[in-house]
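Single-letter residue listing:
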Amino acid sequence: MKVQDAINQRHSIRQFTDKPVEKKMITKIIELAQRAPSWVNSQPWQVYCAMGNTLQKIKNTYHQQDLAGKTGNSDLPVMSREKWAPQAQANMSQWRHGIVHHFANFDEAHEKMTNASNTLYDSSVILYITIPKASPDWSIFDAGLFAENIMLAATAEGLGTIPTYNSVRFPALLHQILAVPEDERFIVGISLGYPADTTINSYHSERRPVNEILHFN
Ligand SMILES: Cc1cc2nc3c(=O)[nH]c(=O)nc-3n(C[C@H](O)[C@H](O)[C@H](O)COP(=O)(O)O)c2cc1C
């Protein structure tokens, strides 16, 4: 697959089939993603691949937290919507409008999105990316490049992905379940698997016109 096609085809998948992803395939994807550039080739990332009983345990534990009304406390802080720059707020509003209108009505959109979120998208794999706590902000940037490489490599293998805050909302629990050392912090979880043929997955989000974000001087 051409790079351009992988970039265009990648979009967030919020419902997966139960078809398992082979460990060999995951290894191939991660090895390719390791080609990402990083500050002085520091390669700050680790990947913890949650699948099978381990992933089920994470899903069950998250469900219990949700039932208890816990909202989460990700290692990367979340910023309230009103504090974001106006254009970013407008983009986020447009995305919300777009996805709601992708469904028959608001109630259906709300139900499908909530269910997807509550079940951690029913994926058979979540790839958790961590970096050491002793890292500069540049390592977060590096982890982002690595994450995009993972998603593009997965697309080229016919797999779907979604990077989520949702999956890293409870880092203390993830440290326990995945046996991740306390001196690492969770950046993002990438759900990985074979996309289900459903309405939620056929939504392709929009982007700003390029002339609004590209500035030649
Ligand atoms: C860091 C990050 C965290 C995200 N967290 C979530 C999430 O918790 N739940 C969700 O449904 N989508 C999440 N997304 C997916 C975005 O909503 C999605 O990337 C964006 O709307 C653009 O759509 P696309 O990925 O289909 O191109 C996240 C994306 C990123 C990059």
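This is a predicted model, so every value here is computed, not measured. (Residues numbered from 1 in each chain as written. Predicted model: local features only at pLDDT ≥ 70, side-chain atom pairs only at ≥ 80, totals over all residues. Heavy atoms only, no water.)

Peer 1: Describe the pattern of salt bridges, and please don't skip the residues or the numbers.
Peer 2: The tally for this structure, following the rule as stated, stands at 3 salt bridges. A salt bridge links aspartate 66 to arginine 169; the shortest N-O distance between them is 3.0 Å. Of this pair, aspartate 66 sits in helix 3 (residues 52–67) while arginine 169 sits in the loop between strand 3 (160–164) and helix 7 (171–178), and the two are 103 residues apart along the sequence. Judged by its relative accessible area of 25%, aspartate 66 falls in the partly exposed class. A relative accessible area of 9% means that arginine 169 is categorised as buried. Arginine 208 is the salt-bridge partner of glutamate 212, the closest N and O atoms lying 3.0 Å from each other. (Salt bridge = Lys/Arg side-chain N within 4 Å of Asp/Glu carboxyl O. Helix = DSSP H or I, 4+ residues; strand = E, 2+ residues; numbered from the N terminus. Buried < 20%, exposed > 50% of the residue type's maximum accessible area, 1.4 Å probe, protein only.)

Peer 1: Talk me through a nonpolar patch on the surface; I want residue IDs and the actual numbers.
Peer 2: Where nonpolar side chains cluster on the molecular surface, the patch consists of Trp39, Val40, Trp138 and Phe141 and spans about 510 Å² of accessible area. For tryptophan 39, the position within the fold is in the loop between helix 2 (23–33) and strand 1 (46–51). (Patch = residues over 30% accessible without salt bridge, like charges linked within 9 Å, V, L, I, M, F, W, Y side chains within 5 Å. Areas by Shrake-Rupley, 256 points an atom, 1.4 Å probe, with all protein chains shown as cover.)

Peer 1: Please provide a residue-by-residue account of helix 5 (residues 106–118), values included.
Peer 2: In a regular helix each residue adds 1.5 Å, so 13 residues correspond to 18 Å; helix 5 covers 18 Å between its end C-alpha atoms and thus fits that length. All of the buried residues along helix 5 are Ala109, Met113 and Ala116. Summarising the axial view, the buried residues of helix 5 lie within an arc of 60°, below the 170-degree limit, and thus occupy one face. Residues of helix 5 that are buried in the fold lie against helix 4 (86–102). (Expected span 1.5 Å × (residues − 1). Arc of directions from axis to C-beta. Contact = heavy atoms within 4.5 Å.)

Peer 1: Kindly report on the pairing of strand 3, identifying the contributing residues and their values.
Peer 2: Buried residues dominate strand 3, accounting for 4 of its 5 residues. With 5 bridges joining them, strand 3 and strand 4 (residues 184–193) adopt antiparallel strand pairing. Each residue of the ladder has a partner; that of threonine 164, found in strand 4, is glycine 189. (Pairing = 2+ DSSP bridges.)

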